[in-house]
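# Structure at a glance
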Amino acid sequence: CRCDPGWEGEYCEECVRMPGCLHGTCHQPWQCICHTGWAGKFCDKDIHICEHQSPCQNGAQCIYDRDGEYSCLCPEGFHGKDCEMKTGPCEKAGSPCKNGGQCQDENGFASNFSCRCLAGFVGALCEHNVDDCLMRPCANGATCHDGINRFSCQCQIGFEGRFCTININDCASQPCKNGAKCYDRINDYDCLCPDRFTGKTCEISVPEPTCEMPGVTQPEPARTAVTGRRVANHSEKETGGGLLKISVKEVVTQRDSGLSEAQLVTVLVFGVLTVVLVLITVLLMLRNWQRG
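Residues numbered from 1 in each chain as written. Predicted model: local features only at pLDDT ≥ 70, side-chain atom pairs only at ≥ 80, totals over all residues. Heavy atoms only, no water.

### Digging into the side chain of D132
As for its placement among the helices and strands, D132 is situated in the loop between β14 (128-129) and β15 (143-146). Although buried, D132 forms no salt bridge, and the nearest oppositely charged side chain, R150, lies 8.1 Å from it. For D132, the side chain forms a polar contact with the main-chain nitrogen of R150, separated by 3.2 Å. Each residue touching D132, except ones within four places of it in the same chain, is listed here: P137, D146, G147, I148, N149, R150 and F151. (Helix = DSSP H or I, 4+ residues; strand = E, 2+ residues; numbered from the N terminus. Buried < 20%, exposed > 50% of the residue type's maximum accessible area, 1.4 Å probe, protein only. Lys, Arg positive; Asp, Glu negative; His and termini not counted. Salt bridge = Lys/Arg side-chain N within 4 Å of Asp/Glu carboxyl O. Polar contact = N/O pair within 3.5 Å; in protein donor to acceptor, adjacent residues only side chain to side chain. Contact = heavy atoms within 4.5 Å.)

Pasting the structure below:
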């Protein structure tokens, strides 16, 4: 048989109970009719729980309400659903733990309480926020801002990332022109310019050099005027059909020639040396003539 929804069995004679029904049955599909001693929407509540399970603790009285619910009448100094907690240091202190901390006193049976702090807080009462910047997690001169169990880094210009460890690529925008190569720096870049280009981004064209620079006047070479008089002595002697001529030149430079003292001394020295050489030459020639 192919059963309709809500029915099952070999001949589709059994109804399907409500999903979650524990101690119940059905006459129609999706019902949950509780068996004796059980109650609740899903028949999961024991109406004799006070007798069967004795949920109330520390001498508390169990009172059955309805639909399987119960309550405990706690003796003095105890509280909780089952009177399992004693009025201990936590309750007497009036929730002493701060910043969401949980007060613990072993359900009131401890002599003193302790606080279980949430992450990011320390102290006997969880009153101190842990300085998450103490270990200096931010790099490259970034400023660390402490939070609750967290921190944030305010990066210097030129860096990014959670810890400011990433150097921003300043060459990403391709600032260098005319085929120049870009080198990334910290919040800056350098351009390696090709020949005949200059500037921060190699945007300036350098003209080719010329032999003559316009607007530049070449200085004329200094001219030195030398004036004087010549004194010439000639001595002629014919020997074997040859004619020997000896000339002696003496240059005397005047003060009004425009020469400096150093130049004047130089001219005089060369003049004296010339005279000496001429005299030596004449003497040697006379000596040779006498021998001949």
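### A short note on the UniProt feature "transmembrane region" (unreviewed entry) in the protein
Per the UniProt record, "transmembrane region" (unreviewed entry) is found at residues 264-286. Summarising residues 264-286: 100% helix, 0% strand, and an end-to-end C-alpha distance of 33 Å. (UniProt positions renumbered as here; feature names shortened; annotations may be inferred.)

### Quick look at the UniProt feature "domain: EGF-like" (unreviewed entry) in the protein
Following the UniProt record, the feature "domain: EGF-like" (unreviewed entry) maps to residues 1-13, 46-84, 86-127, 129-165 and 167-203 here. Taken as a whole, residues 129-165 contains 0% helix and 30% strand, while its terminal C-alpha atoms sit 26 Å from one another.

### A look at the pairing of strand β8 (residues 70-73)
Along β8, the buried face is formed by Y70 and C72; none of S71 and L73, which line the opposite face, is buried. Relative to β8, strand β7 (residues 61-64) runs antiparallel, the two being bridged by four bridges. In the sheet register, Y64 faces β8, and the bridge partner there is Y70. (Pairing = 2+ DSSP bridges.)

### What about the confidence of the model for the protein?
In the predicted model, the protein carries a mean pLDDT of 82, and 82% of its residues have values of at least 70. A low-confidence stretch, residues 220-257 (pLDDT under 50), is modelled with 48 contacts involving residues beyond four sequence positions or located in other chains. (pLDDT = per-residue confidence, 0-100.)

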